[in-house]
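Examination of the molecular architecture
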Amino acid sequence: QKEVEQNSGPLSVPEGAIASLNCTYSDRGSQSFFWYRQYSGKSPELIMSIYSNGDKEDGRFTAQLNKASQYVSLLIRDSQPSDSATYLCAVKRSGGFKTIFGAGTRLFVKA
Amino acid sequence: DTAVSQTPKYLVTQMGNDKSIKCEQNLGHDTMYWYKQDSKKFLKIMFSYNNKELIINETVPNRFSPKSPDKAHLNLHINSLELGDSAVYFCASSPRGGEASYNEQFFGPGTRLTVL
C-alpha cells in the first residue's frame, strides 16, 4: 500500500462544475495535510492546508479531512479552465520533518 | 522578490560529470528540502536541513551530497552523473518543518537536469 494514494486521472469536468479530488493515506498518526497545485512545467504551489477533522474553505476551494477514514479531499467549486493542473496531496507524519506526496491527480476543466 | 530561488534553471551535461545546484530562500524559514521529480511526476524527498542540520537523508546514492552553509541556503552537489539522474530537482522551504501548522512548504522554480 502506498503511503499517500491518489487517482492519477485525468479527471475531466466542464467549466462551472465542482471538481472533487480524493486522497487516502496509510499513517494513522499523520497530523498535517496539504493540497498543492502544479501546472505543467512549473513548481508545486500550496493551495490548502488542513490539520483537524472537518471542512476548511478558502474561496472556491474546500478541503475536507476525515482522520478516522484516513481520507482527505479537495473540492473546487465553479471550476475554471485555469484550474487545469495536477493536484498533489501531501501528508506529514506525526513527528519528524518528512512530508509524503501522492503521485497527483490531473484535472482538466473543459471550457 | 523571489521567495525561493534556484540556479541554474536548466542543466544539460554529459554522463560522468560533476554538477551543483544552488538554492536560496528569503522567507526566514528554518527548514529546507531537496526533492526529485521524475518523468512520471512523482515528487520524492531526498534531503532536508533544519537550521543547517541534516535531518532527512533518504535512500539516495552517495554521489548526491547536500550542503547548507546557512539556514537560507541549501546546495546540492552531484558527482559522476548518470542517465537516471535526469529529472527536475526542486528546492523547498518551510517555517519550522517539525511542527504542525508550520510545515507548509514553498517551492523554488526547479532545475531541469538532463544527463546525456
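Summarised in this report is the structure supplied together with it. These numbers come from a predicted model, not from an experiment. Here the residue index of a chain counts from 1 through its sequence in written order. Each chain gets a letter, beginning with A, and each ligand a number, beginning with 1, in the order they are written. With pLDDT at 70 or above as the cut-off, local features in this predicted model cover only qualifying residues; side-chain atom pairs require 80 or more to be listed or tallied, and sums for whole chains, interfaces and linings still use all residues. Processing note: side-chain calculations cover all non-hydrogen atoms of the structure and skip hydrogens and water entirely.

**Description of the pairing of strand 2 (residues 10-13) of chain B**
All names here are of chain B. Exposure classes here rest on a 1.4 Å probe applied to the protein chains alone. A residue is buried below 20% of its type maximum, exposed above 50%, and partly exposed in between. In DSSP terms, a helix is any run of H or I states spanning at least four residues, a strand is any run of E spanning at least two, and both are numbered starting from the N terminus. In strand 2, alternate side chains face the same way, and those of Leu11 and Thr13 are buried while those of Tyr10 and Val12 on the opposite face are not. Two elements, strand 2 and strand 11 (residues 111-115), share 4 bridges in a ladder whose sense is parallel. By the bridge assignment, valine 12 is partnered in strand 11 with threonine 114. The pairing criterion is simple: DSSP has to find at least two bridges between the two strands.

**Some remarks on the pattern of salt bridges**
Note on definitions: salt bridges are taken to be side-chain nitrogens of Lys or Arg within 4 Å of carboxyl oxygens of Asp or Glu. Going through the model one piece at a time under the given rule, you end up with 8 salt bridges over all chains. Two residues, glutamate 45 of chain A and arginine 37 of chain A, come together in a salt bridge whose shortest N-O distance is 3.0 Å. Accessibility expressed as a relative area gives 37% for glutamate 45 of chain A, which makes it partly exposed. Residue lysine 71 of chain B is joined to aspartate 30 of chain B by a salt bridge in which the shortest nitrogen-to-oxygen separation is 2.7 Å. Taken together, the residues span a long stretch of sequence, with lysine 71 of chain B in the loop between strand 7 (64-70) and strand 8 (73-78) and aspartate 30 of chain B in the loop between strand 3 (19-25) and strand 4 (31-37) at a distance of 41 residues. Members of the salt-bridge network, linked through shared partners, are Arg63, Glu82 and Asp85 of chain B.

**Points about empty space enclosed by the protein**
Residues and elements named next belong to chain A. A pocket here means an open set of points on a 1 Å grid, computed over the protein atoms alone, that has protein on both sides within 12 Å along at least five of seven lines. A cavity is instead a set of points where a 1.4 Å probe fits but cannot get out; residues with an atom within 4 Å of a point line either one. Grid points are joined across faces, edges and corners, and a volume is the space filled by probe spheres set on the points. Within the structure shown, the criterion is met by 1 cavity of 30 Å³ or more. One number sums up the size of the largest cavity: a volume of about 40 Å³. What lines the largest cavity is simply Glu3, Val4, Tyr25, Ser26, Asp27, Ser30, Val91, Arg93 and Ile100. Of the residues that constitute the lining of the largest cavity, the class distribution is 4 nonpolar, 2 polar and 3 charged. Three residue categories are used. Nonpolar comprises Ala, Val, Leu, Ile, Met, Phe, Trp, Tyr, Cys and Pro, charged comprises Asp, Glu, Lys and Arg, and polar comprises the others, including Gly.

**Focus on the state of the cysteines**
Here, two cysteine sulfur atoms that lie within 2.5 Å of each other are counted as a disulfide. Tallied over the entire structure, the rule returns 2 disulfides over all chains. Residue pairing for cysteine 23 of chain A: its cysteine sulfur links by disulfide to cysteine 89 of chain A, the two sulfurs lying 2.0 Å apart. The disulfide joining cysteine 23 of chain A to cysteine 89 of chain A has a torsion of about -75° about its S-S bond and is therefore left-handed. With a gap of 66 residues between them, cysteine 23 of chain A in strand 3 (residues 19-25) and cysteine 89 of chain A in strand 9 (residues 85-92) connect regions that are remote in the sequence. Assigned by exposure class, cysteine 23 of chain A and cysteine 89 of chain A land together as buried. At a sulfur-sulfur separation of 1.9 Å, the disulfide partner of cysteine 23 of chain B is cysteine 91 of chain B. When the S-S torsion is -75°, as for the bridge of cysteine 23 of chain B with cysteine 91 of chain B, the disulfide is left-handed.

**A look at the sheet that holds strand 7 (residues 61-66) of chain A**
Residues and elements named next belong to chain A. One open sheet holds the 5 strands; their spatial order is 1-3-8-7-6, and the pairing between them is antiparallel. Only two strands of the sheet have a single neighbouring strand rather than two, namely strand 1 (4-6) and strand 6 (54-58). This sheet shows a mean twist of 20° between the axes of neighbouring strands, independent of strand direction. Where strand 7 meets strand 8 (residues 71-76), 6 bridges bridge the pair, whose relative direction is antiparallel. Its bridge partner being in strand 8, phenylalanine 61 is matched across the sheet by isoleucine 76. Structural elements are reduced to axes, namely lines fitted to C-alpha atoms, with helices fitted over the stretch in contact, and the angle between N-to-C directions of any two is expressed from 0 to 180 degrees.

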